Every structure is written in structure tokens, then in C-alpha cells.
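# Report on the structure
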Amino acid sequence: MKKNMSYRLLMLLLFLLSLWGCENEMDKHYERPIWLKGSAYEVLQGQADYSLFVSALEKSSFFQLVKGQGLCSVFAPDNQAVNAYLENNGWSSVDDIPQDVLDLLIGCHIVRYSYRPVDFMNFRPEGDLEAGTANKGIYFKHITYGQEAVRRVTNPKTGAVMTVYEREKYLPVLNTNLFKTQGVQDYTYNYSYFFPGKVWEGDDNFCAANAKIHENGNGLLTDNGYVYLVDDVIRPMRTVYNVLEDQDNHYSLFKQLYDKFTDITYNKDLSSKYAAAGDSLFLYFHKDLPKIASQWTFNQENAVLHNLYLACGNTFNSFIPNDQALTVFLEDYFSKYPTFDDIPLLQLSFLLGNHIQSRALVLPEMLKEKRVKSSYGDVYDFDVDGAEVKEFCSNGVFYGTDKVTVPAMFRSVTAPLLNDPNYSIFTEILNKAGEIIQLINPDVRFTLFAPTDEALQAMGYQVDVGKADVLGDEKIQLWDDETEKYKDLNTAEISALAMKHIVLQNKITDFSQKKIYPTKKGLSYVTVFDGGVGCEANTTEPFQPVKLGEYFNGITYSLDNVLGNVDVSLAEELEANYSEFWKLMKKAGLVENINGEEVMTFIVGETVMAFLPDNDVVKAQADILPDDPEELKNYLKYFFVSIDANKLSNFLLPGIGEPGMYQTTQISPESTLYDTFYSQLGIYPDEQKFNLVLRNEVGKEIETPEGVFPGFLSDALIYNINTIDFQSNNK
């Protein structure tokens, strides 16, 4: 019995020992691993001299986040910095800060996601740090949890009151890689310019806006990110538009004009998530101009994908003229408009947009060295150190200037059109054709002929403005006699009309001598004669140009008429005025009736130069022509030179084109069953005689009449010749 009892006691002891061992193993399993550092909140609790920021965190809406509910990088100011902030705002403790102010403040200290120090030195949107050898540090803005409350806004265009939703703010984390990439040398100058009293230290560090990173707190690892200990409270930054709104500044006129482009857009997704019952949420934009009222700079806030390249690397670099400077300029340049409100949106978009660039950060040293240009090529040239307002914003930088940066189109050949309401139709034609931007090119010399509104209206043109407050809603229209209505011109028609009035690489000043200039529109020309100017459709009664001015890239003339095109085709012209030659072509089978239309099938769809004898010459020399239709067909083809087959961009005209031998449409007798060759015709323009010398393959020459314009047609050009006896085999 005792033996059994001893055995049982031994078994019980062994069992208890095993349980004790299991409990030790379980304790070890659930024991906190030594590599866990604690949440951002816990790490901050363990830091001396950060109790005030910890207290603010506890009272904010982000307490659970920093306790571990999300990845984040926290910039934590020390007690001295927080006390200074409280004193500056008249608060005795953190408890005095209103909740909405506190949430915005704390949110601006918390960057979404977990970033190491090396990430802040050279953040790469593509995620591969090693791939980022170019443009180091250029992506310096990081989205925070700082977000202003919704606000009620009166739409300046409609007067309607709307609830505007504010996106999260971005925090600029400036770094020495950014300075190096932007080519600046004096780091302290460029930093303290926006953050007075701050000094940049070292050649390999970064600062979160106005806050310097303490050496002993540069990236403390936490369970849910990193903590950075800083020496200052990061103030929530304003947008560029907020600075314009500030009534203590002097930029109200710029804002007033900018607000003409206001576009307050309803957002269905935000409304469903965040709107109060019965309310709707809107986003505040400016259409057709940089969206400086937006917290975000990639300008696609309704996009599914967040564009980190534009969000982190783009800034609205703003060089804003004050009210006095802008008023002086507007009163001078736009003096022909009754009020500033009458200035068209197009011109305002050029002017206002020239003062704000959406691009990589522009630092003051770059401006002082005059190496920053607008998108129109205008150098920003103002007293950088004397800027009235210097502010780093959540979406850009603001330089307040006393100087207007005049856009190139206000100084180029388009200048006299953009400031004169009498050229509003042609201005819109140029704009729709994309030519205004082309006409600022300093490397090209232009002659621009501008029809007045009265001239264009007389020809049936008008502009349908559409929605008067929406840029781009305009339509160019032409009266249609058949329907007795205006019809919209398409892009190709508008471009052709605009380019017809632009002469490239020629500054025309002499209208006394007969001359032809190619226009920007292919195979289209301006004719100069008898002290005036004409076109293909007018070579007899010139229009009288009025000089509007000379500019850095050319000269501009006003016209009381429109340079038009010829609507008559070669077939129509031959049938009407070259009837004898037309009969020969029909006899030879070169003309076929297709669906009731007479078609020259051997050149269908091509543009040609035709050298033709008139009716009297054909009658006088008819006996030399071959009787056989096939021989006649080939004989007559020698009088046509295809522009397309010879790969020419222009007709050969006096002063235009390279002289030489060109392929006719006549098949050469040297052709074989395997290879087709064409007879050649020598064409030699003579600018002095204002005619052409023609030479056949055996050297026989004839000339076109001196001092006579050719006949321009919709698909051809005709030069008269005085003989039909002109073939390559004829001496």
C-alpha cells in the first residue's frame, strides 16, 4: 500500500513539473520580443522633455493612430518649442488649444507611412531608392494627417454658398540633396529666406519645414514607423491661394482676376463619406490655371490613383505682382478695354498663368541668378530679397513682387491683337489653331496679317462665345448660305485659316515689288504687288496693310479683308478657260466621267503644276500633235509636274524652290517592262523677271510670261506657255 502511494506521489510530482515547464515555455512565447520598440506614442513617452507634445497627442484625434493603429512618421517638438508656441498664441497650457486647432496642428506633425531618414533625404515615388540617382531630393513633400475643417464659401462667379472640403496638407521636408539638385550653394540663405532666423547646418541633413531634427532623435524606430525629435513646432501652412486671400497683403487685384476662373466642383465620393446630413461637399479649384486653392499639386484630385511624382515633386511657384504694379500694367496694356472686367479670359489666362509655375521647387538663389523662366520663356527678373511676402506654403512658394512678368505673347507679333477688342475674332482663331504659342518663338521671323473683326464678319465669320465665363467654350463659325445658318468650323479649317495669314522667316516691309511668299499653310501664298498684299484668290486688286508694330520676332499688319483660298479646281479651270487643251485631253482619254463628274484620272488626288498653252496657241499648232490617242495621251502628260511625286513642299515660283530637273507625268521612252521611268522637265525660277525658264531634256528652253502671277487653283497652279511644241524629243 505504501509502495503504491509512493508511486502515485512520484507520478504527480512529475506531472506538476511538466506543467511548470510548459508554463515557462508559454511565458517565453508570449513575452515581448526584444526587437519591438513600442508604438510611436510609447517611444515618445520614454523621451525626456517631450511631455507637452505627448499630452497634445493624447488630446488629439490621432492618439490611437500613434498608439499603433497605423504606420506613421512623427515629428515631435520638445517642451521648449511647445511652450514658445503656447506663449506666442496666448495660451497657458495645451488644454487651452481649441480642439479643431489642436487636431490640425498635431496632424501636420504626422506624415502618413513609415519613412526612414534616408527616405526623407531622397524619396523615390517609384519605391526603389537605388534607382533614384537623378534629381535626388526633388520629391520633398509628404502628405500628413493635417486637415482643415470644411468651410462655407461663396462662389465668386455665382454667389452661391457651398461647403468646401479641404484635402490633407503636405509637409515640405527640405534636404541638402534638393539644394544640390536645384544647383544652389548657400543652403542657409535659401532656407532662412522662407524661415527667418533659421540656420541650415551640415551638408547631409533635412528639416521638416521650420523644424530642425535633433541629432539624438533622427529616426527613432517604433513598432509603427519612426519618430523624429525636432526643435520647433511645425505651423500648419497656408496654400498659395490663402496668401492671396490675406487682406494684410496687397494682392487683391490678382486674386480678383484669378477668381474669374473659379471652378467649385461637386464631389460625390466625398459627399457620401463626410458630408453632414442634407449637405454636399465641393472641391475648390481654378480651371485653366494652376489650382493654387488646392492642397494637392497633382491637380487630379478625383483620380483613382494618387500621382506621387506630381504630389511630392511639384510646387506652385508663385511670383505675384502687387496691386499697384498690376494696376499700372493693366491700365497701360489693356487701355482699349473699358474696365478690367472686360478683359477676355484668354488674355487673362496668359497673364495670370505667367506668374505661377507648376514645377520643381524654385529657390531664391535660382531667381537671383536669373535662371528661372516661365513656360513662355520669360525670365523672372525682380528684386528677390526685396520681395514683400516670402512664404513657404503647403502647395508651393509665394514670392510677392512689385513687377509684372509680361508674357511673351504680349510682346511678340500677337501683341497688338491681344490688347485690342477690334481683333477679337482673329485672336480666337489663332488661339483655337494653337498658333498664339507658336508665334512667340524668338528664333523665327514672322509677318502676321490680322484681319479686323469687321473684315471677318463681312466674310461671314463670327465667334460663338458659348458660356461667357468658361474659357475654351468658344466656337469659330462661318455663315452657310445653303442652310442660312452659322456652322462650326472644325480644327483643320480653323488651322488653315490662321496659317494662311502667317508668313514664316520673312519680315515683309516692301510692298512695291511683285513677290510671292509662302505662308505657314502648305501650298498657300501671300502675294505682294502694287503697294499692297493679296493671296491666291487675289492677284489683281491688293489689300492695303496697316502696320500695327514691329516686335522681337517680326512685324504685324492689320487687314481690312481676309486672305482667302481659290475654290476652283484644275478640271473646272481647264473646261472653262482652256477649252481647246481640255478637248485634246478628252480625246486622249485623260479625262473620264465618273458619277457625273469629269475626272483627270492620271493625276487624281494629286497637286500639280501645269504648263499650258492658251486656246489660240493650241489652234495654231494643232497640226504638230499626234493623231493616235495613245501617243497624244503621253504627249500631253509632259505638261504636268506632280508636287506629290516630286516630294515638294511648295510650288516652284519666283524666289521659291530649288531650280532643277523634275519628273513629269509622261512615261519616258526609256521605260521597260520591268521599270517605269518618267520624262524630266527643267524648272528654273527667275526672281528678277518674275517668271520661270523651262528646259526640256534635250536643252530646248521656253519662258513663261514675265511679271505675271500664275493661276492658283485649289489643287494646282497654272503657268501659261506660248507653244505646244515642247517635248523632250523636240529640239
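Now for a description of the structure that goes with this document. (Residues numbered from 1 in each chain as written. Predicted model: local features only at pLDDT ≥ 70, side-chain atom pairs only at ≥ 80, totals over all residues. Heavy atoms only, no water.)

## Remarks on the pattern of salt bridges
Threshold: Any carboxyl oxygen of Asp or Glu that lies within 4 Å of a side-chain nitrogen of Lys or Arg is treated as forming a salt bridge with it. Per the convention used, a helix needs a DSSP run of H or I reaching at least four residues, while a strand needs a run of E reaching at least two, with both numbered from the N terminus. A 1.4 Å probe rolled over the protein chains alone gives each residue an accessible area, and that area as a share of the maximum for its type sets the label: buried under 20%, exposed over 50%, partly exposed in between.
The final tally for this structure, using the stated rule, is 33 salt bridges. Two residues, Glu-148 and Lys-169, come together in a salt bridge whose shortest N-O distance is 3.1 Å. Here Glu-148, found in the loop between β3 (141-143) and β4 (151-154), pairs with Lys-169, found in the loop between β5 (161-164) and β6 (170-175); they are 21 residues apart in sequence, far enough to count as distant. Accessibility expressed as a relative area gives 1% for Lys-169, which makes it buried. Here Glu-580 and Lys-583 are joined by a salt bridge, their closest N and O atoms 3.4 Å apart. In this pair, Glu-580 and Lys-583 are both assigned in helix α23 (residues 579-587), three residues apart and thus about one turn of the helix distant. Here the residues in one salt-bridge network are Lys-198, Asp-232 and Arg-235, joined through shared partners.

## Things to note about the sheet that holds strand β19 (residues 485-488)
As a reminder of what qualifies: Strand pairing follows a simple DSSP-based rule, namely that at least 2 bridges must link the two strands. Orientation is described by axes fitted as lines to C-alpha atoms, over the contacting stretch for helices, and by angles from 0 to 180 degrees between their N-to-C directions. The criterion used for residue contact is that any of the two residues' heavy atoms lie within 4.5 Å.
Spatially, the three strands line up as an open sheet ordered β17-β18-β19, and their pairing is antiparallel. Since the sheet does not close on itself, it has two edges, and those belong to β17 (461-464) and β19, each with one partner. This sheet shows a mean twist of 40° between the axes of neighbouring strands, independent of strand direction. Direction of pairing for strand β18 (residues 475-480) relative to β19: antiparallel, over a ladder of four bridges. Considered in β19, the bridge of Trp-479 is made with Tyr-486. The sheet contacts of helix α18 (residues 424-432) involve β17 and β18, and relative to β17 the element is tilted by about 70°.

## Some remarks on the pairing of strand β1 (residues 72-77)
Judged by how many residues are buried, β1 sits mostly within the fold: six of six residues are covered. Burial of the side chains of β1 extends over both faces: Cys-72, Val-74 and Ala-76 are buried on one face and Ser-73, Phe-75 and Pro-77 on the other. One ladder, built from six bridges, connects β1 with strand β9 (residues 225-230); its direction is parallel. Across the sheet, the residue bridging to Ser-73 is Tyr-226, located in β9. In this structure, β1 lies alongside strand β2 (residues 110-112), joined through three bridges in antiparallel fashion. Bridging from a neighbouring strand, Val-74 pairs with Ile-110 of β2.

That's the geometry; what it means functionally is another story.
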